[in-house]
Structure formats: C-alpha cells, structure tokens
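Analysis of the macromolecular model
The residues making up each chain are set out below.
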Amino acid sequence: MSDERVRVALLGCGTVGSEVTRVLLDEADELAARVGAPVELAGIAVRRPDKHPELPQELLTNDAGALVESDVDIVVELIGGIEPVRGWLLTALRKGRSVVTANKALLSEHSAELAEAADLSGADLYYEASVAGAIPLLRPLRESLAGDRITRVMGIVNGTTNYILSAMDATGAGYAETLDEASRLGYAEADPTADVDGYDAASKAAILASLAFHTRVTASDVHREGIAGITASDIAAARLLNRTVKLLAICERVTADDGTESVSARVHPVMIPRSHQLAGVNGAFNAVYVEADAAGELMFYGQGAGGAPTASAVLGDLVAAARNRVAGGRGPRESAHAALPVRPMGQTPTRYHISLDVADRAGVLAQVAQAFATHDVSIAAVRQRDRNSTASLVIVTHSAPDAALRATVDEIGKLDVVREVVSVMRVEGEDS
Ligand SMILES: NC(=O)C1=CN([C@@H]2O[C@H](COP(=O)(O)OP(=O)(O)OC[C@H]3O[C@@H](n4cnc5c(N)ncnc54)[C@H](O)[C@@H]3O)[C@@H](O)[C@H]2O)C=CC1
Ligand SMILES: N[C@@H](CC=O)C(=O)O
Ligand code: NA
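Each value, and the rule that gives it
- Residues numbered from 1 in each chain as written.
- Chains lettered and ligands numbered in written order.
- Predicted model: local features only at pLDDT ≥ 70, side-chain atom pairs only at ≥ 80, totals over all residues.
- Heavy atoms only, no water.
- Near = heavy atom within 4 Å.
- Polar contact = N/O pair within 3.5 Å; in protein donor to acceptor, adjacent residues only side chain to side chain.
- Areas by Shrake-Rupley, 256 points an atom, 1.4 Å probe, with all protein chains shown as cover.
- Helix = DSSP H or I, 4+ residues; strand = E, 2+ residues; numbered from the N terminus.
- Nonpolar A, V, L, I, M, F, W, Y, C, P; charged D, E, K, R; others polar.
- Phe/Tyr/Trp six-rings, centres within 6.5 Å; stacked < 30°, edge-to-face > 60°.
- Buried < 20%, exposed > 50% of the residue type's maximum accessible area, 1.4 Å probe, protein only.
- Lys NZ or Arg CZ within 6 Å of the ring centre and 35° of its normal.
- Patch = residues over 30% accessible without salt bridge, like charges linked within 9 Å, V, L, I, M, F, W, Y side chains within 5 Å.
- Salt bridge = Lys/Arg side-chain N within 4 Å of Asp/Glu carboxyl O.

**Re the site of ligand 2**
Taken together, 13 residues lie around ligand 2, and Lys104, Gly159, Thr160, Tyr187 and Lys204 are the ones closest in. One of the side-chain nitrogen or oxygen atoms of Lys104 is found 2.6 Å away from an oxygen atom of ligand 2. Within the contact set of ligand 2, an oxygen atom lies 2.6 Å away from a side-chain nitrogen or oxygen of Thr160. Within the complex, the protein chains bury 94% of what would otherwise be the 250 Å² of accessible surface of ligand 2. Put simply, the parts of the chain that give the shell around ligand 2 at least two residues each are helix 7 (159-171) and helix 10 (199-213). Here the residues of the shell around ligand 2 sort into four nonpolar, four polar and five charged.

Following this line, the structure appears as structure tokens:
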C-alpha cells in the first residue's frame, strides 16, 4: 500500500452526502485496501456547521470555495444545482483535482466546459450517480460498450415520478400526498418540480444520449413533458387497455433514408402494456434498456434514488478516481466526436392513444376519422362504448411524426361532435 494519502473534499452533506461521509469514516480501512492508499476525508463543506453535531467538527467548513482551493486530490460534489457549484468544479478541475459528482442538472448543461477543463489538467470527471442512482449505467456506456454502436436507450430514470405513478396506479393514491412521501424518503430533488415537470429526467436523457451517441446533447435539446398533467382519467384509460403509465426517457439514433444520422431525445409519459418489462418497475426503482448493434438488447435495473443507493455509485467513482491517483492514468475522457444533429420532436415518429367522449349519433366516427386522414395519420385500433347520449371512443394510432399527431388531436378537439378529449398519451410496446 502506498504511504501517500488521497485527500478528499466533500461538498454538501444532505441525503447523499451524509451516506458518503458515513462510509468514508466507517469503512476507511476497507476503502484504503481497495484503492491501494489511505483515503482521507480532508473537509466537508456544509451550509451551517452548527447544524451537524453528528459530524467531526474539525472537518466542517461553510466555505466550499476555500475547501476546493485547499490541498486536496478529489472533490466530491453533492450539493446540486448549477451556480455556484459550476465555478467551484471548474476551479477544481483546472487545478488538477479529480471531480466526482451526482449533479445531473449541472452536467446536462455544462459537461462540455467541465470535460475541457478536465482534459487541460488531466483530471478525472466521474458522474455515475447522476443517472439512475445506484445502477451501473454510465460506466457500461462509456467503457463496456465503447466498441459497439448504440441505437437506443430507453427507460425509467426518475425515481420520484415512478414512485408517484406506481402509487396512483396501484392504490389510486392522490398526487400531492405521494409526492410528499417521495420527498420524505429522500428521492425528490430539493425543488421537486424538477422531478414532476420532467427536468430531472430530461437532464438524465441528455447525459445518456451524449454518452450513447458520442454527441454533445444538452437538457435544452431534450423534448420534455412531466407528470403534473396526469389525471386519474389517464390512469383509468390506460387500465381499460391493460396498460399502465410511466414517465420514460427515450434516446434514439435516427437514420434517414439518405443515410444521414441524427439523435432524438425525449421525456414524456407513455402508456405501456402491463406485460412490458418496464411496467413491473415500481416505486423509486429505475430500469433502462440499451440496444446496440452487436450486443443486442441489455437491461439495467435497480434503485434509482435515495441516499444509500446513490452513495454506492458516488463511492464507486471515488474509488476509481483514487486508484487513478495512486496508480497513474485517467478514466475515460469525453467522447463527442460524432457531433450528430438533434432531431426536433415534431419530426420524431411516435404513436398516440386518444380517448374521447363523443355524441352518440351517425357520422361521428367518419368525422373523427377524417381528421386523422387530413394529417396522414393512420389508425391502428378503435374501440367504442355507448353511454346514454354519449359514446366513448378509444383510438390508438400507427406511428406518425409527432407534429402530425398533435395537429390531429387539436383538430379533433374542435369538432362539434367531440364533447371531451378525455386523455391523450403516447404509447410504446405491442399488446400481447
Ligand atoms: N437524493 C437522491 O436520490 C439523488 C440525488 N442526486 C443528486 O445528488 C445531489 C445531492 O442530492 P441530495 O443529497 O438529495 O440533496 P440534499 O438537498 O439532501 O443535500 C444537498 C446539501 O447541500 C447543502 N448545501 C447547499 N448549498 C451549500 C453550500 N453553498 N455549501 C455547502 N453545502 C451546501 C444543503 O444544505 C444540503 O444539505 C444533487 O445534485 C442531486 O440531484 C443524484 C441521484 C439521486
Ligand atoms: N430526484 C431524483 C433523484 C435521483 O436522481 C429521482 O427521483 O430520480
Ligand atoms: Na448510475
């Protein structure tokens, strides 16, 4: 074992940071054996040191900037958000300190400048915990699959919304009470609108698309819809079709007829058949499918949120960065050479489920069908149920550009014969 210590600065000691601290202090000998040198916690930046009587007081500071500038080898950032963290991490990387972070909000907007700063000094930048919590997913994309051609990454990447949707589906629980529970359990972001409005999943989709397609994709490139608009009617409409509702991140490599390639990345609620493997992913669990030319289909599953699971991924990165310090060498650098354009959502082929209450009289179906024909959208299935003077129509389309599907829904909503558009949602997967 090397005599040289690897000195670690920890920024933030909340849900995830407190679990990382516990392991660093309690499992110091074990970590040293794995790294090949002692790993020393040099300081912990917290907002209010007086609020942390449980931590070694000599390690605490409220000056994260000064801790980053001090004599440390690795900075572990578990505060979250973009500023002031971005400045601290750029400073750390420019000074040659390796960075381990779980901060998807920052990475999905600023990974290019962080990667450039890391390259200039030769430092490592690791962020396994930023997507799908404990699940080893970014390392497989960056390393194990680096020789393959990935075509699709799709899955459930936000634990909070999956926890809420699972509860709504299983027990009919209300949205607000379930969100409070997800926050109490440490799954939700400090501002939970990042979860429910899909920002967190969009950040993760940007990170996944960047790694999968060797292209810089930022959160603003990702089409984003959250679950705030999901109602009991949507859940009931899905149930009638033996489907359930999940918030999915879908990243695809799209090849046009002329062979040119682009990338599509989107986050939105989707109805999937109950027989689909993602339908059985409940609570704060995440699951991600990766499709690659040679590997075929791979599935990654596990705890996507929570202090201890996320700390597992952070500590794995910390050990990797520490080993590089001790043995020399670097982790994988940014790979963005493909620089594919991002395809707008309107051009992305999707399929819709549309549930309508319509007047129960002759010619209604023809008017509705005409709206589909006008936008060149073909219908895969129609189901009708009569209720007094109203009928309920459930329509599932074939694949069509999303813009055409949206235009069809707008037109249908304006028809006199349509009393209410009850539910509109994209669908994935075939009914068995
Ligand atoms: N909680 C989870 O399940 C997961 C969280 N993450 C990410 O991990 C990071 C941390 O998340 P949590 O631990 O859940 O958040 P948290 O809100 O529990 O902890 C953040 C801590 O940073 C502290 N902080 C804020 N400003 C500070 C400053 N200027 N100096 C020192 N400390 C400061 C806060 O007081 C708080 O204790 C975020 O980037 C989050 O997105 C990633 C995966 C899962
Ligand atoms: N708020 C996030 C935490 C993990 O990334 C989630 O709910 O998934
Ligand atoms: Na992960």
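Still more ground to cover, so stick around.
**Observations concerning the packing of aromatic side chains**
Remark: the centre distance and the inter-plane angle together describe each pair of aromatic rings, the angle taken between the planes. With the rule as written, the count across this model stands at two aromatic pairs. For the pair Phe285 and Tyr301, a centre-to-centre distance of 5.3 Å together with 15 degrees between the ring planes defines the contact as stacked. Taken together, the residues span a long stretch of sequence, with Phe285 in strand 11 (residues 285-292) and Tyr301 in strand 12 (residues 296-303) at a distance of 16 residues. Classification of Tyr301 by relative accessible area gives partly exposed; the value is 48%. Above the ring of Tyr199, the side-chain terminus of Arg224 is found at 3.8 Å from the ring centroid.

**Remarks on a nonpolar patch on the surface**
Taken together, the side chains of Phe285, Met299 and Tyr301 define a hydrophobic patch exposed on the protein surface, amounting to about 270 Å² of accessible area. Phe285 sits in the partly exposed class, given a relative accessible area of 30%.

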